[in-house]
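Coordinates in review
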Amino acid sequence: MSRIRTGALLMVVLALAACSPASDEPVSDFLARMLPKESGGTVIAARSDQISYCQGFGLADRDARIAATCDTVYDIMSITKQFTAAAILKLEMMGKLRTSDRISTYLGPVPAGKRQITLHHLLTHTAGLVEGLGDDYDVLSRDDMLARALASRPLSEPGAEFHYSNVGYSMLAAIVEKVSGLSYERFLATFLFTPAGMTSTGYVLPQWKPGQVAVEYDAKGNSKGRPYEHRWAADGPYWNLRGNGGMLSTARDMFRWHHALTGDAILSASAKAELFTPHVRIPASQESYSYGWSVRDTDDGRVAWHDGGNSWSLAAYVRSLHDGIMVFWVSNHAYQQGRWNLEDRASDLTLGIMNRTRSGAA
């Protein structure tokens, strides 16, 4: 299964969001124009602590004729990275580590070319690590992932260049486990999700209802099953995916995460400042990477976002930090061969929802 990162075009358009004219067209009417009838998914939009729109579209399970809703569970893919980054900052708040620490502090002996890598480098994709080690659902243990990652040929010196790396975020998840003594998911559930009121987010711990998790569909419309129906360990995905993707969540929980980040229930003000600081410029773009988020400063304030995608599904999550606008949308059928591709519509879709939310046209 291929991994994609779609965000360069998305961020260029989002940079215009603050100065784009507001629209009085309802979000529902806009989505009816923008979304293919054959697709499926959920859209949520909010301003600060108020949800202004939350609806499903299409089907979460075609065979069972289960409609997508605001409580449908989806794979949110690379949006998972912001949870891993928040976990590292939570451990820093607890005095367990520092983002400036070298990875050898927690992983033991490290090859010469990687001894200068710090947690900061992993968080900002500047460690010089490869993008991946294989297919998302290949069977790969934590120790084997670490061994292969440390043995991989460096793409650049630590801190020298930006190279988007799923491997780096899996290494961060392994460090969360080693430092906390808990599994990656258990740490997130205990210190992030439960305080945020997120009861439907995780790999295996949530008690989802039968049929609540969306089936994914490929470009020919064929079912690819639910994420955990692929090769999946007893405690979640294997380590090509763990920590960098594969988290399952709902639109309501993604709003709860947004709301939690507006207060201090999870992260302190200083930790949130570190989370959203533009640490490193992303090549050939006007945006920067912070910790698990891409960010860009506009005339009216900072916009933070991340997207996620695989061969079947697509998602985008955007927060306008200056006025509290949040948009999350996800599709379990994002491509139809020869007909449409939601990746091509991602920018207009996201910006259109943001503007209508800002104008109150929900």
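Shown above is the structure to which this text applies.
This section reports on the structure supplied with the text. (Residues numbered from 1 in each chain as written. Predicted model: local features only at pLDDT ≥ 70, side-chain atom pairs only at ≥ 80, totals over all residues. Heavy atoms only, no water.)

1. A word on the sheet that holds strand E12 (residues 301–309)
If you walk across this open sheet you meet the eight strands as E2-E1-E14-E13-E12-E11-E10-E9, and the pairing is antiparallel. The outermost strands of the open sheet, each flanked by one partner alone, are strand E2 (50–57) and strand E9 (280–281). Examined bridge by bridge, strand E13 (residues 314–320) and strand E14 (residues 325–331) share seven bridges and lie antiparallel to one another. Bridge pairing links Ser320 to Ile325 in E14. (Pairing = 2+ DSSP bridges. Helix = DSSP H or I, 4+ residues; strand = E, 2+ residues; numbered from the N terminus.)

2. Here we look at the environment of Gly301
Tracing the backbone through its elements, the reader meets Gly301 in strand E12. A residue is classified by how much of its surface remains accessible, and Gly301, at 18% relative accessible area, is buried. Through-space distance from the C-alpha of Gly301 to that of Ile117 is 32 Å; in sequence the pair is 184 residues apart. If we skip the residues at most four places from it in the chain, Gly301 touches Arg296 and His322. (Buried < 20%, exposed > 50% of the residue type's maximum accessible area, 1.4 Å probe, protein only. Contact = heavy atoms within 4.5 Å.)

3. Notes on the pairing of E12
The side chains of a regular strand alternate between the sheet's two faces. For E12, a buried count of eight out of nine residues is recorded, marking the element as mostly surrounded by other parts of the structure. Of the strand pairs in this sheet, strand E11 (residues 294–298) and E12 are connected by five bridges, and their pairing is antiparallel. Looking across to E12, one finds that Asp297 is bridged to Arg302. Joining the antiparallel neighbours E11 and E12 is a turn of two residues. Relative to E13, E12 runs antiparallel, the two sharing seven bridges. Residue pairing in the sheet places Gly309 in a bridge with Leu314 of E13. The antiparallel hairpin formed by E12 and E13 contains four residues in its connecting segment.

4. Here's the deal with the pattern of salt bridges
Under the definition given, this model contains 14 salt bridges. Across the pair Glu38 and Arg339 runs a salt bridge, and its minimum N-O distance is 2.4 Å. Pair noted here: Glu38 is in the loop between helix H2 (27–34) and strand E1 (41–47) and Arg339 is in the loop between strand E15 (335–336) and strand E16 (340–341), with a separation of 301 residues, a long-range link. According to the relative accessible area criterion, Glu38 is partly exposed, its value standing at 31%. A salt bridge links Asp61 to Arg226; the nearest nitrogen and oxygen atoms lie 2.9 Å apart. Highlighted residues: Asp61 in strand E3 (residues 59–61) and Arg226 in the loop between strand E7 (223–225) and strand E8 (248–249), separated in sequence by 165 residues. Since its relative accessible area comes to 12%, Arg226 is described here as buried. Among the ionic contacts, a cluster of salt bridges with common partners joins Glu25, Arg33 and Arg356. (Salt bridge = Lys/Arg side-chain N within 4 Å of Asp/Glu carboxyl O.)

5. Things to note about the nonpolar core
Counting residues in each nonpolar core, the largest one holds 83 residues, and the members touching the most others are Ile103, Met171, Trp257 and Phe328. In terms of residue count, helix H7 (residues 166–180) provides more of this core than any other element does, eight residues in total. For Phe328, the residues in contact, after removing those within four places along its chain, are Thr42, Val43, Ile44, Ile76, Ile79, Ala251, Met254, Ala315, Ala316 and Tyr317. Residues Phe57, Val303, Ile325 and Leu349 belong to the second largest nonpolar core, which totals 25 residues. (Core = buried A, V, L, I, M, F, W, Y, C linked by side-chain atoms within 4.5 Å.)

6. Comments concerning the packing of aromatic side chains
This model, assessed by the stated rule, comprises nine aromatic pairs. Summarising the aromatic geometry, the rings of Phe83 and Trp257 are spaced 4.9 Å apart at their centres and angled 80° between planes, so their arrangement reads as edge-to-face. On the criterion of sequence distance, the pair formed by Phe83 in helix H3 (residues 81–93) and Trp257 in helix H9 (residues 251–261) is long-range, its members being 174 residues apart. Here Phe83 and Trp257 have matching classes, each one buried. With centroids separated by 6.1 Å and ring planes inclined at 35°, the aromatic side chains of Tyr184 and Tyr203 adopt a geometry described as tilted. Note that Tyr184 is positioned in helix H8 (residues 184–196) and Tyr203 in the loop between H8 and strand E6 (216–217), a separation of 19 residues in sequence. Of the two residues, Tyr184 and Tyr203, neither departs from the other in class, the shared state being buried. Within the aromatic cluster, the residues linked to one another by ring pairs are Phe276, Trp293, Tyr317 and Phe328. Directly above the aromatic system of Tyr217 lies the positively charged group of Arg62, at a separation of 4.1 Å from the ring centroid. (Phe/Tyr/Trp six-rings, centres within 6.5 Å; stacked < 30°, edge-to-face > 60°. Lys NZ or Arg CZ within 6 Å of the ring centre and 35° of its normal.)

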